[in-house]
Amino acid sequence: MRSRLLVALAGALLVALTWSFPLWRPLVMDDVVDEAFPGLRADMLDEFRQLGEFERESLLQLAREDPAMARSMLEAALQPPVLVEEAQQSVSILLARGNFVRIDPLHWAQGDALVYTRPNGSHVLRLENFRAANGPDLRVMLSASPAPRSPAELNEGGLALDLGRLKGNAGNQNYAIPAAVDPGLYNSIVIFCRRFNLVFSSATL
């Protein structure tokens, strides 16, 4: 009698679990989503899936808001890194230095920004141990703001100064500061996407 009762209870439990499966399924099973990036070439989809989870989610969110910007950002991110290596002036004097900070999964740089005075009195900006997210039309800029996050902050006091195109998104590199410019007026080095008017990262000096 007891065994029959146990069998009956087990059967009833199985029926209850089967009927309530939609309710408890989320507790024990993952809902896996693998969205294809809208408008991306088929041959680039595998590379997109190899990006970090936060970067993929950020790009998909951006695609819902601005598909053209998201596609340009993604295509730049999937490009192989451009490595740059330039020798440092051994007799230059260090005036200021700072470290680049990450803004979000899509807009970031890391490494050191150093401003030197050369023996002839000119100044140079050097990026060392540098790596940055790839992006379209990236520029290296000086800003009076210590940590700009927007174009308005970048141009604080109307002093934003473009030192030229970012030579590579990885490696040590030098940028001449015009002779007429006083480096003391500037408080940060900025990696700026000119095409989309976005600050990628900044280093407070």
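Definitions and cut-offs
- Residues numbered from 1 in each chain as written.
- Predicted model: local features only at pLDDT ≥ 70, side-chain atom pairs only at ≥ 80, totals over all residues.
- Heavy atoms only, no water.
- Helix = DSSP H or I, 4+ residues; strand = E, 2+ residues; numbered from the N terminus.
- Contact = heavy atoms within 4.5 Å.
- Areas by Shrake-Rupley, 256 points an atom, 1.4 Å probe, with all protein chains shown as cover.
- Buried < 20%, exposed > 50% of the residue type's maximum accessible area, 1.4 Å probe, protein only.
- 1 Å grid on protein atoms, 1.4 Å probe; cavity = no way out; pocket = protein on both sides within 12 Å on 5 of 7 lines; lining within 4 Å.
- Points joined across faces, edges and corners; volume = space filled by probe spheres on them.
- Nonpolar A, V, L, I, M, F, W, Y, C, P; charged D, E, K, R; others polar.
- Core = buried A, V, L, I, M, F, W, Y, C linked by side-chain atoms within 4.5 Å.
- Pairing = 2+ DSSP bridges.
- Axes fitted to C-alpha atoms, helices over the stretch in contact; angles between N-to-C directions.

Trainee: Account for the overall build of the protein, naming residues and giving values.
Mentor: Tallying secondary structure elements over the protein gives six helices and ten strands in all. Restricting the contact set of the protein to residue pairs at least 6 apart, pairs at least 24 apart contribute 61%. Total accessible area computed for the protein in this model is approximately 11900 Å², and 56% of it derives from carbon and sulfur atoms.

Trainee: Tell me what's going on with unusual backbone geometry, and back it up with residues and numbers.
Mentor: Residue N129 is not a glycine yet carries a positive backbone phi of 50°. When you line up the elements, N129 lands in strand β4 (residues 123-132). Looking at N129, the relative accessible area reads 56%, which means it is exposed. The backbone of N197 sits at a positive phi, close to 60°, despite the residue not being glycine. Its location among the elements puts N197 in the loop between β9 (188-193) and β10 (198-204). The exposure class of N197 is partly exposed, given its relative accessible area of 43%.

Trainee: Would you mind going over the environment of G158 in detail, with residue names and values included?
Mentor: Looking at where G158 falls in the secondary structure, it is placed in the loop between α6 (151-154) and β6 (161-165). Once the C-alpha coordinates of G158 and S143 are considered, the two residues, 15 residues apart in sequence, prove to be 9.0 Å apart.

Trainee: Pulling in residues and values, what's your account of the layout of surface pockets?
Mentor: Taken as a whole, the largest pocket encloses approximately 220 Å³ of empty space. As for the largest pocket, its lining consists of 14 residues, and the residues nearest its centre are A77, W108, A132, A133 and N134. Among the elements of the structure, α4 (53-65), α5 (67-77) and β4 are those that each provide at least two residues to the lining of the largest pocket. Residue composition of the lining of the largest pocket, by class: nine nonpolar, three polar and two charged.

Trainee: Pulling in residues and values, what's your account of the nonpolar core?
Mentor: Ranked by size, the top nonpolar core spans 41 residues in total, and within it F100, L125 and I191 carry the most contacts. Discounting residues that sit within four places of it in the chain, I191 has contacts with F100, A109, F130, L138, R139, V140, L166, L198, V199, F200 and S201. Listed in part, the five residues of the second largest apolar core include M141, V190, F192 and V199.

Trainee: Give a description of the sheet that holds β10 that names residues and reports values.
Mentor: Within a sheet, neighbouring strands are paired by backbone hydrogen bonds and run either parallel or antiparallel to one another. Spatial strand order, β6-β5-β9-β10: four strands in an open sheet with antiparallel pairing. The sheet terminates laterally at β6 and β10, the two strands that pair on one side only. Between one strand and the next, the sheet's axes are offset by a mean angle of 25°, whatever the strand orientation. Sheet analysis places β9 next to β10, joined by six bridges and oriented antiparallel. Opposite I189, over in β10, you have A203 as the bridge partner.

Treat this as a map of the structure, not an account of what it does.
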